[in-house]
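Residue-level listing of the chains:
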Amino acid sequence: MTPDLMEAGAKALADYRAKVAEAGASGDRGAAYGRLLTAGQPDFAHGVALYLEGITVSFDGFKALNSLNLSVNVGELRCIIGPNGAGKTTMMDVITGKTRPDLGTASFGSNIDLLRLRESEIAQIGIGRKFQKPTVYEQLSVFENLELALKADRRVRAGLLHRLTGAQLDRIGEILTLIHLLPQAQRTAGLLSHGQKQWLEIGMLLMQDPKLLLLDEPVAGMTDEETERTAELFLSLEGRHSLVVVEHDMKFVGELTQGWKKVTVLHEGSVLAEGTLAEVQANEKVVEVYLGR
Ligand SMILES: Nc1ncnc2c1ncn2[C@@H]1O[C@H](COP(=O)(O)OP(=O)(O)OP(=O)(O)O)[C@@H](O)[C@H]1O
Ligand SMILES: [Mg+2]
């Protein structure tokens with residue numbers, strides 16, 4: 001994080017603590033602010049970034065998620081695979097507050113109860129989500145898209161017309177390099193290839209420095225070369241961020257997991273198997289419901 005962001009964050013926290021102290025004296029309001037204070041400070045000391053237990057989501061009696069358990073470590077890159085309708089996107093909807101489960105618990109770090117937060121609060125505390133379809137501002141340049149993403153971060157508290165500081169310009173430069181779009185910085189986003197738009201959207205998420213990134217079918221529609229570059233990008237993010245990547249492209253999953261990382265297979269709303277890609281590919285149940293078809 002840049003010094004500017006840290007300073008803005010420190011100021012926001014100080015304002016916040018003042019609010020909590022003020023509210024603490026007045027019963028119910030204090031409890032409400034207390035909840036928000038917890039929301040502002042995920043605790044990753046135990047090494048767990050995301051923890052889901054017994055998550056069940058029903059749509060008209062049909063269980064899209066059925067007592068789902070999942071634990072993702074800080075800095076881990078976890079791939080999730082599974083047949084259409086397994087509940088992968090619904091799981092992301094639960095983590096980001098878009099869908100409320102009927103049952104279960106979901107926490108971020110060891111202390112944040114995600115099920116008590118609104119979607120906007122969840123984004124704010126450091127969970128970024130990439131949907132399948134790229135959503136960038138087509139009329140604006142690549143640079144302007146990243147600038148907007150930076151200014152949308154409430155921790156920065158700069159108006160849209162506020163000039164960028166040197167540190168913010170550096171941060172945009174860093175992200176442009178990371179997402180391979182530095183030569184296209186002034187290009188109108190609408191003119192980028194599908195893959196480049198996907199990278200731009202990932203760059204926009206990264207501007208907010210999320211602790212956990214959820215990526216739903218990020219390489220769908222990409223060329224082979226774009227897919228390979230995306231794998232390199234995700235591998236470079238691993239460690240600094242936790243990543244949950246949902247994909248059907250097994251070659252891509254193989255590149256990300258490098259033979260040793262854990263893959264989770266979802267089926268009918270629950271975990272069917274977990275292990276290395278080779279292990280789950282050799283699992284008879286997995287072959288039957290997914291890979292063998
Ligand atoms: N809002 C909804 N209302 C009713 N049913 C839903 C809703 N959202 C999802 N479902 C159903 O829940 C199940 C899980 O869907 P989900 O989109 O999570 O699957 P998925 O694993 O992401 O599949 P895919 O690989 O096709 O993206 C599906 O049967 C789907 O039809
Ligand atoms: Mg899906």
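About the thresholds
- Residues numbered from 1 in each chain as written.
- Chains lettered and ligands numbered in written order.
- Predicted model: local features only at pLDDT ≥ 70, side-chain atom pairs only at ≥ 80, totals over all residues.
- Helix = DSSP H or I, 4+ residues; strand = E, 2+ residues; numbered from the N terminus.
- Buried ≥ 20, exposed ≤ 12 C-beta atoms within 10 Å, placed from the backbone.
- Contact = placed C-beta atoms within 7 Å.
- Pairing = 2+ DSSP bridges.
- Axes fitted to C-alpha atoms, helices over the stretch in contact; angles between N-to-C directions.
- Parallel < 35°, antiparallel > 145°, perpendicular 65-115°, else oblique.
- Left-handed = near helix turned anticlockwise from the far one by under 90°.
- Nonpolar A, V, L, I, M, F, W, Y, C, P; charged D, E, K, R; others polar.
- Near = placed C-beta within 6 Å.
- Core = buried A, V, L, I, M, F, W, Y, C linked by C-beta atoms within 7 Å.
- Expected span 1.5 Å × (residues − 1).
- Arc of directions from axis to C-beta.

Examining the overall build of the protein chain
Then step 1. Secondary structure assignment for the protein chain yields 11 helices and 10 strands.
Then step 2. Evaluated residue by residue, the protein chain yields a buried proportion of 37% over its 293 residues.
Then step 3. Look at the contacts in the protein chain between residues 6 or more apart in sequence, and 67% of them connect residues 24 or more apart.

A closer look at the sheet that holds strand β2 (residues 62–73)
Then step 1. Taken in spatial order, the four strands line up as β2-β1-β4-β5 in an open sheet, and their pairing is antiparallel. This sheet does not close on itself; its edge strands, each paired only once, are β2 and β5 (112–113).
Then step 2. With five bridges connecting them, strand β1 (residues 48–59) and strand β4 (residues 103–108) associate as antiparallel partners. Across the sheet, the residue bridging to L50 is F108, located in β4.
Then step 3. On the sheet, helix α3 (residues 88–95) packs against β1, β2 and β4 and is oriented at approximately 65° with respect to β2.

Regarding unusual backbone geometry
Then step 1. You will see that Q258, though not glycine, has its phi angle at about 50°, which is positive.
Then step 2. Mapped onto the fold, Q258 is located in the loop between α9 (250–257) and β9 (263–267).
Then step 3. Judged by the 12 C-beta atoms lying within 10 Å of it, Q258 falls in the exposed class.

Examining the packing of helix α5 (residues 142–151) against helix α7 (residues 194–206)
Then step 1. Contact pair α5 / α7: the axes reach a minimum separation of 8 Å and the direction vectors enclose 30°. As far as their axial angle goes, α7 and α5 are roughly parallel. When you trace α5 past α7, the crossing you get is right-handed. For the pair formed by α5 and α7, the contact residues are V142, N145, L146 and A149 on the first element and L200, G203 and M204 on the second.
Then step 2. Looking at the contact of α5 with α7, its residues break down into five nonpolar, two polar and no charged.

A few points about the site of ligand 1
Then step 1. Close to ligand 1 lie F59, A64, G82, N84, G85, A86, G87, K88, T89 and T90, which account for all nearby residues.
Then step 2. If one sorts the elements of the shell around ligand 1 by residue count, α3 sits on top with three residues.

Describing the pairing of strand β3 (residues 77–81)
Then step 1. Across the five residues of β3, five count as buried, placing the element largely inside the fold.
Then step 2. Both faces of β3 are covered, namely the face carrying L77, C79 and I81 and the face carrying R78 and I80.
Then step 3. Bridge count for β3 against β9 is three bridges, and the pairing is parallel. When the sheet's bridge partners are listed, I80 is paired in β9 with T264.

Regarding the nonpolar core
A general trend in soluble globular proteins is that nonpolar side chains are found buried together.
Then step 1. Ranked by size, the top nonpolar core spans 70 residues in total, and within it I95, L200, V245 and V265 carry the most contacts.
Then step 2. It is α7 that provides the largest number of residues to this core, a total of six residues.
Then step 3. For V265, the contacting residues outside a window of four places in its chain are I81, G82, V271, L272, A273, V280, V286 and Y290.

A look at the sheet that holds β3
Then step 1. Spatial strand order, β6-β7-β8-β3-β9-β10: six strands in an open sheet with mixed pairing. Single-partner strands in this sheet number two, and they are β6 (127–130) and β10 (270–275). For this sheet, the mean angle separating the axes of adjacent strands, direction not counted, is 20°.
Then step 2. Of the pairings in the sheet, the one linking β3 to strand β8 (residues 242–246) comprises four bridges and is parallel in character. Its bridge partner lying in β8, R78 is registered against V244.

Description of the pairing of β4
Then step 1. Both β4 and β5 contribute to a ladder of two bridges, which runs antiparallel. Within β5, the position partnered with F108 by the bridge is I112.
Then step 2. Here β4 folds back onto β5 in antiparallel fashion, the turn holding three residues, of which G109 has a positive phi close to 65°.

Looking at helix α8 (residues 224–237)
Then step 1. Its 14 residues place the ends of α8 20 Å apart at the C-alpha level, agreeing with the 20 Å of an ideal helix rising 1.5 Å per residue.
Then step 2. Taken together, the buried positions of α8 are T230, A231 and F234. Buried residues of α8, seen end-on, are gathered within an arc of 105° and therefore sit on one face of the element. For α8, the exposed residues lying more than 90 degrees away from the buried face are E225, E232 and S236.
Then step 3. Buried residues along α8 sit in contact with β3, β8 and α9.
Then step 4. Of the residues flanking the end of α8, it is G239, one or two places downstream, whose phi is positive at about 100°.

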